2 protein chains.
Amino acid sequence: MSLKHAILVQLETEPSSGYDLLQHFKSGLGYFWNAKHQQIYQQLKTLSEQKLISLSLEKQKGRPDKKTYQITKLGTEELKHWLTNPVKPHKINDALLVKVYGGHLIDQENLQNELMLHKKTHKKILQDLLNMERTFLESPPQTQEKYKLPYLTLRRGILGEQAWLTWAKEALEMLKK
Amino acid sequence: MSLKHAILVQLETEPSSGYDLLQHFKSGLGYFWNAKHQQIYQQLKTLSEQKLISLSLEKQKGRPDKKTYQITKLGTEELKHWLTNPVKPHKINDALLVKVYGGHLIDQENLQNELMLHKKTHKKILQDLLNMERTFLESPPQTQEKYKLPYLTLRRGILGEQAWLTWAKEALEMLKK
DNA sequence: AGTCTATATTCAAAAAATTGCATACACTGA
DNA sequence: TCAGTGTATGCAATTTTTTGAATATAGACT
């Protein structure tokens, strides 16, 4: 169960509110760990009860108050413990590929159109990731050294998206034949 | 909810028992749709109740009897309906990347070792996929034409694994610095 | 004032996945 | 005969994910 640890990892980077975390899960962390806001808040409550994180209320100007959480010593220990133990390879559930597998049952143009839609999405994602990479590579060397591991997750995203687009091109060519 | 459709797609290809399906989910379909035997049997029961599949009991020599399911007309219609509607991009929950993101907290050798373990796994998967590809490409042209869409799912797997291994190489090099 | 949007959080229910456990048939080898 | 392995199926509980719904603060605009 790694949502807990994804949250702890992010809180270890900087204290955050539920909403801040949600933004991170829409970008950054979210490229490799999907989480819904209900999950995040629920998990924050649990982590707080377990004393792995602590809570402080923060008043904001022009915005509602927010609850800021930060990781505790206990939380950091729990996180380190998890980090030292091996995880299993992630499992894939890709409905698009199920559709491709059974695609002979439908009109090939429909399949092509859908592939092109997904291609568009993936192009956007790749663009976003490349922008993030450019920003990172323009940052000072100590920043680059500090964040070299998060950068690796970015590289994984980029290489994965590029592979996907290579495949999509191939697939569309085959479908046109 | 695509387990249902993954099962229907496979049953459309050929009638199968729960056990047969399980083997398919360990290979072939399983590279892009993960399913546990409990899920499969449960889903077969539901699909049968819904008349999307029909059941026949088959006696075997030297083995226990098996229940063979085949897709019904209604099932084929349901499947086609699903196939014509767009699906969302699949979501990623990759614990390894969460670990890489927070990897500065642990001994870098531990992280390297784990990456190398995963690398080994991915190499094996790629090998399996390439073997499957070779077999496919050695098959008669009409077979290749018939299964060109399932072949596309294989190609996706191969390109994805290759991208993963490229990344792993890059990551290990960075970790060694 | 009301509507819309953004920020911020919460509760609840349903669906799906995972884990644990179990049973039965059949064969093989000690 | 028993233990181990493979084939074959099933039930139940727990955990995780998804979906739906809602509330509150605050600002901007009509």
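Residues numbered from 1 in each chain as written. Chains lettered and ligands numbered in written order. Predicted model: local features only at pLDDT ≥ 70, side-chain atom pairs only at ≥ 80, totals over all residues. Heavy atoms only, no water.

## Topic: the relation of the copies chain B and chain A
Under the fitted operation, chain B is carried onto chain A by 0.0 Å of movement along the axis and a turn of 180°, and the coordinates agree to an RMSD of 0.0 Å. Those values place the two copies in the arrangement expected of a two-fold rotation axis. Here 100% of the interface residues in chain B have copies in chain A that are interface residues too; the copies meet face to matching face. (Least-squares fit on C-alpha atoms with pLDDT ≥ 70 in both. Contact = heavy atoms within 4.5 Å.)

## Structural notes on the nonpolar core
When a protein is soluble and globular, its nonpolar side chains tend to lie buried together. One finds A:I7, A:F25, A:W167, B:I7, B:F25 and B:W167 to be the most contacted residues of the largest nonpolar core, which totals 102 residues. Ignoring sequence-local partners within four residues, the contact set of A:I7 consists of A:L21, A:F25, A:I40, A:Q43, A:L44 and A:L47. (Core = buried A, V, L, I, M, F, W, Y, C linked by side-chain atoms within 4.5 Å. Buried < 20%, exposed > 50% of the residue type's maximum accessible area, 1.4 Å probe, protein only.)

## Notes on the interface of chain B and chain A
Facing 63 residues of chain B, the contacting portion of chain A comprises 63 residues. Between chain B and chain A lies a buried interface of about 6300 Å² when both sides are counted; carbon and sulfur atoms form 70% of it. At the surface where chain B touches chain A, the tally comes to 2 salt bridges. Taken together, the connections running from chain B to chain A amount to 24 residue pairs in polar contact (both at pLDDT 80 or more). Counting only elements with at least two residues in the side of chain B that touches chain A, the list comes to α1 (3–13), α4 (73–84), α5 (95–101), α6 (108–137) and α8 (148–176) of chain B. Partitioned by chemical class, the residues of the side of chain B that touches chain A number 33 nonpolar, 18 polar and 12 charged. (Buried area = accessible area lost by both parts, 1.4 Å probe. Salt bridge = Lys/Arg side-chain N within 4 Å of Asp/Glu carboxyl O. Polar contact = N/O pair within 3.5 Å; in protein donor to acceptor, adjacent residues only side chain to side chain. Helix = DSSP H or I, 4+ residues; strand = E, 2+ residues; numbered from the N terminus. Nonpolar A, V, L, I, M, F, W, Y, C, P; charged D, E, K, R; others polar.)

## Brief notes about the domain arrangement of chain A
Examined at the domain level, chain A breaks down into domain 1 (3–84) and domain 2 (95–176). Look at where the C-alpha atoms of domain 1 of chain A and domain 2 of chain A centre, and you get two points 28 Å apart. (Domains from an automatic or database assignment.)

## Focus: the sheet that holds strand β3 (residues 66–71) of chain A
All names here are of chain A. Pairing in this open sheet of 3 strands is antiparallel, and the strands run β1-β3-β2 from one edge to the other. Edge positions in the sheet fall to β1 (16–17) and β2 (53–58), since each of these pairs with one other strand and no more. Pairing of β1 with β3 involves 2 bridges; the strand directions are antiparallel. Residue pairing across strands places S16 opposite Y69, the latter belonging to β3. (Pairing = 2+ DSSP bridges.)

## A few points about the packing of α1(B) against helix α2 (residues 18–26) of chain B
Residue and element names in this part refer to chain B. As a packed pair, α1 and α2 sit with axes 11 Å apart at the nearest point and diverge in direction by 105°. As the angle between them shows, α1 and α2 are arranged roughly perpendicular. For the pair α1 and α2, contact is made by L3, A6, I7, Q10 and L11 and by L21, H24 and F25, respectively. Across the contact of α1 with α2, the residue classes break down as 6 nonpolar, 2 polar and no charged. (Axes fitted to C-alpha atoms, helices over the stretch in contact; angles between N-to-C directions. Parallel < 35°, antiparallel > 145°, perpendicular 65-115°, else oblique.)

## A closer look at the confidence of the model for chain A
When pLDDT is averaged across chain A, the result is 95; 99% of the residues are at 70 or more. Taken element by element, the predicted model of chain A shows its lowest mean pLDDT in β2(A) (94) and its highest in helix α8 (residues 148–176) of chain A (97). (pLDDT = per-residue confidence, 0-100.)

## Side note on the side chain of A:E161
Note on placement: A:E161 falls in helix α8. Put simply, A:E161 is tucked away with no salt bridge, and the nearest opposite charge, on B:R156, sits 7.2 Å away. One polar contact links A:E161 to A:H122, side chain to side chain, over a distance of 2.6 Å. Discounting chain neighbours no more than four positions away, the residues touching A:E161 are A:H122, A:I125, A:L126 and A:L129. (Lys, Arg positive; Asp, Glu negative; His and termini not counted.)

## Some thoughts on helix α6 (residues 108–137) of chain A
Spanning 30 residues, α6(A) covers 42 Å between terminal C-alpha atoms, matching the ideal 44 Å at 1.5 Å per step. The set of residues buried in α6(A) consists of A:L111, A:Q112, A:E114, A:L115, A:H118, A:H122, A:L126, A:L129, A:E133 and A:F136. Packed against the buried residues of α6(A) are α5 (95–101), α7 (141–146) and α8 of chain A together with α8 of chain B. (Expected span 1.5 Å × (residues − 1).)

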